[in-house]
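# Commentary on secondary and tertiary structure
Here is what each chain is made of, one letter per residue.
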Amino acid sequence: MSTTTLPTPADLTITPRDRKFERGDLDPRLWHGGSVEATAIYNALSATFPTGEAFFVESVRAFRDGAPPKLAEEIKGFTTQEAIHSREHAAFNRRAADTGYDLSKLEAQIDYRLAVTKTKPPIVSLAATMALEHFTAILAHELLADPKHLAGADKDAADLWRWHACEEIEHKGVAYDTWLHATRNWPRSKRWKVKAKVMLFVTRNFVVDRTAGALELMRQDGVTGFNAWASLLWYLWIRPGMFRKIGLAWVKFFLPGFHPWNEDDRALLRAYEASAAAIAAPAPLKKVRNAA
């Protein structure tokens, strides 16, 4: 892969798709094909989104003033998409809670992590957002590229995750471009050192916290100890192996000239838009309340 920095495509339009997914009971409780570990990791990820994506919005929006017009417009689209994601995952989390899951420990951990970050200068929050947005983008790419990840899942829940993944890919360059703009006067070496350190820190917390969160939810389903660890690690790292499969894309973040759009994966967006789930969905509203 070329290490030349490639900007976000000039013809990219960030389009908030104002979807509302099922608000009724999540049935069955083990909505991901009856799998305890699969249901647990997706529920653990969803638990992070309402608060986490509000943090992303706040972090990026803090640097919108003075941004080039195209980037400023993309920030508006980004914040609107993230606000809708927060709304839909809050509804999904309520459905999970209604089946008996207690997400409070997972949510408290998110609050703790973000509280620590918010004690630091705003550029630190932007750096964390930039790193986490790369994480979500490569997870989204893998989820859309390989149908195995949602095989056997409840249809409405799977539609939610595919819709979310589509928009994460679409706005994957916004936080990074905002970071480049905010640090435009930094020496290149300083910019790389900071982003590398932040990504390593974010990666450690992401893997540890999501694993711990999934194990807690598995405990609530009566699966503990070696069996819980073995089945979860197998699912995450072996088959279907989501965490293993994003490894190369994660490493590319550290290369000179990295940019999220070095890989133009809009073919996944086009495939989603042509899917039955997207075609059957209500058309996006002409005017979506903007979070910016």
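This one's a predicted model, so the numbers in the text were calculated from it and none came from an experiment.

Parameters and conventions
Residues numbered from 1 in each chain as written. Predicted model: local features only at pLDDT ≥ 70, side-chain atom pairs only at ≥ 80, totals over all residues. Heavy atoms only, no water. Helix = DSSP H or I, 4+ residues; strand = E, 2+ residues; numbered from the N terminus. Rg over C-alpha atoms; globule rule 2.2 N^0.38 Å. Buried < 20%, exposed > 50% of the residue type's maximum accessible area, 1.4 Å probe, protein only. Contact = heavy atoms within 4.5 Å. Lys, Arg positive; Asp, Glu negative; His and termini not counted. Charge placed at Lys NZ, Arg CZ, Asp CG, Glu CD. Salt bridge = Lys/Arg side-chain N within 4 Å of Asp/Glu carboxyl O. Phe/Tyr/Trp six-rings, centres within 6.5 Å; stacked < 30°, edge-to-face > 60°. Lys NZ or Arg CZ within 6 Å of the ring centre and 35° of its normal. pLDDT = per-residue confidence, 0-100. Arc of directions from axis to C-beta. Core = buried A, V, L, I, M, F, W, Y, C linked by side-chain atoms within 4.5 Å. Axes fitted to C-alpha atoms, helices over the stretch in contact; angles between N-to-C directions. Parallel < 35°, antiparallel > 145°, perpendicular 65-115°, else oblique. Left-handed = near helix turned anticlockwise from the far one by under 90°.

### Looking at the overall build of the chain
Helices and strands together make up the secondary structure of the chain, namely 12 helices and zero strands. The C-alpha atoms of the chain give a radius of gyration of 18 Å, which matches the 19 Å a tight globule of 292 residues would have. The dimensions of the chain, computed from C-alpha atoms along their principal axes, are 55 × 40 × 35 Å. In the chain, which comprises 292 residues, the proportion classed as buried is 51%. Pairs at least 24 residues apart make up 86% of the contacts formed inside the chain by residues separated by at least 6 positions. Here the chain contributes 39 positively and 34 negatively charged side chains, and the mean placements of these two sets differ by 6 Å.

### Quick look at the pattern of salt bridges
Scanning all chains against the criterion turns up 17 salt bridges. Across the salt bridge formed by arginine 266 and aspartate 11, the nearest N and O atoms sit 2.9 Å from each other. Here arginine 266 is found in helix α11 (residues 266-273), whereas its partner aspartate 11 is found in the segment before α1 (36-61), with 255 residues between them in sequence. For glutamate 74, the salt bridge is made with lysine 70, and the minimal N-O distance between the two is 2.2 Å. Of this pair, glutamate 74 and lysine 70 both sit in helix α2 (residues 69-98), four residues apart, roughly one helical turn. Assessed through its relative accessible area of 36%, lysine 70 is described here as partly exposed. In the salt-bridge network here, residues are joined through shared partners; they are Arg17, Glu167, Glu170 and Glu273.

### What about the packing of aromatic side chains?
Counted under the stated rule, the structure contains 16 aromatic pairs. Relative to tyrosine 42, the ring of tryptophan 31 lies with its centre 6.0 Å away and its plane at 75°, an arrangement referred to as edge-to-face. With tryptophan 31 in the segment before α1 and tyrosine 42 in helix α1, this residue pair connects regions lying 11 residues apart in the sequence. Measuring from centroid to centroid gives 4.9 Å for tryptophan 250 and phenylalanine 254, while their planes differ by 65°, and the two rings are edge-to-face. On the basis of relative accessibility, which here comes to 18%, the residue phenylalanine 254 falls in the buried class. A connected cluster of aromatic rings, assembled from ring pairs, spans Trp31, Tyr42, Phe49, Phe92 and Trp161. One Lys or Arg, lysine 190, reaches over the ring of tryptophan 186 and ends 4.2 Å from the middle of that ring.

### Quick word on the confidence of the model for the chain
Scored by pLDDT, the chain comes out at a mean of 92, with 94% of its residues at no less than 70. Segment residues 1-5: pLDDT under 50, and 12 contacts once partners within four positions in sequence are set aside and those in other chains are kept. The low-confidence segment residues 285-292 (pLDDT under 50) makes 16 contacts with residues lying over four places distant or belonging to another chain.

### As for α11
For an α-helix the count is 3.6 residues per turn, leaving residues at separations of three or four pointing the same way. Within α11, the full set of buried residues consists of Arg266, Leu268, Leu269 and Tyr272. Viewed end-on, α11 has its buried residues packed into an arc of 150°, placing them on one side of the element. Taken together, the buried residues of α11 touch α4 (122-145), α5 (155-170) and α12 (276-280).

### Comments concerning the nonpolar core
Nonpolar side chains in soluble globular proteins generally cluster together in the buried interior. Core analysis: the largest hydrophobic core is formed by 81 residues, its most contacted members being Trp31, Tyr42, Leu143 and Trp161. Each residue touching tryptophan 161, except ones within four places of it in the same chain, is listed here: Trp31, Tyr42, Leu45, Ser46, Phe49, His89, Phe92, Leu143 and Leu150.

### Some remarks on unusual backbone geometry
Of the consecutive residues aspartate 27 and proline 28, the connecting peptide bond is found in the cis state with omega at 5°. As for its position among the elements, proline 28 is in the segment before α1. For the bond from arginine 239 to proline 240, the omega torsion is 0°, close enough to zero to count as cis.

### Side note on the packing of α2 against helix α6 (residues 174-182)
Running from amino to carboxyl end, α2 crosses α6 at an angle of 140°, the nearest separation of the two axes being 10 Å. Of the possible angle classes, the one that applies to α2 and α6 is oblique. Judged by the twist between their axes, the crossing of α2 over α6 is left-handed. For the pair α2 and α6, the contacting residues are Leu71, Glu74, Ile75 and Phe78 in the first and Val174, Asp177, Thr178 and His181 in the second.

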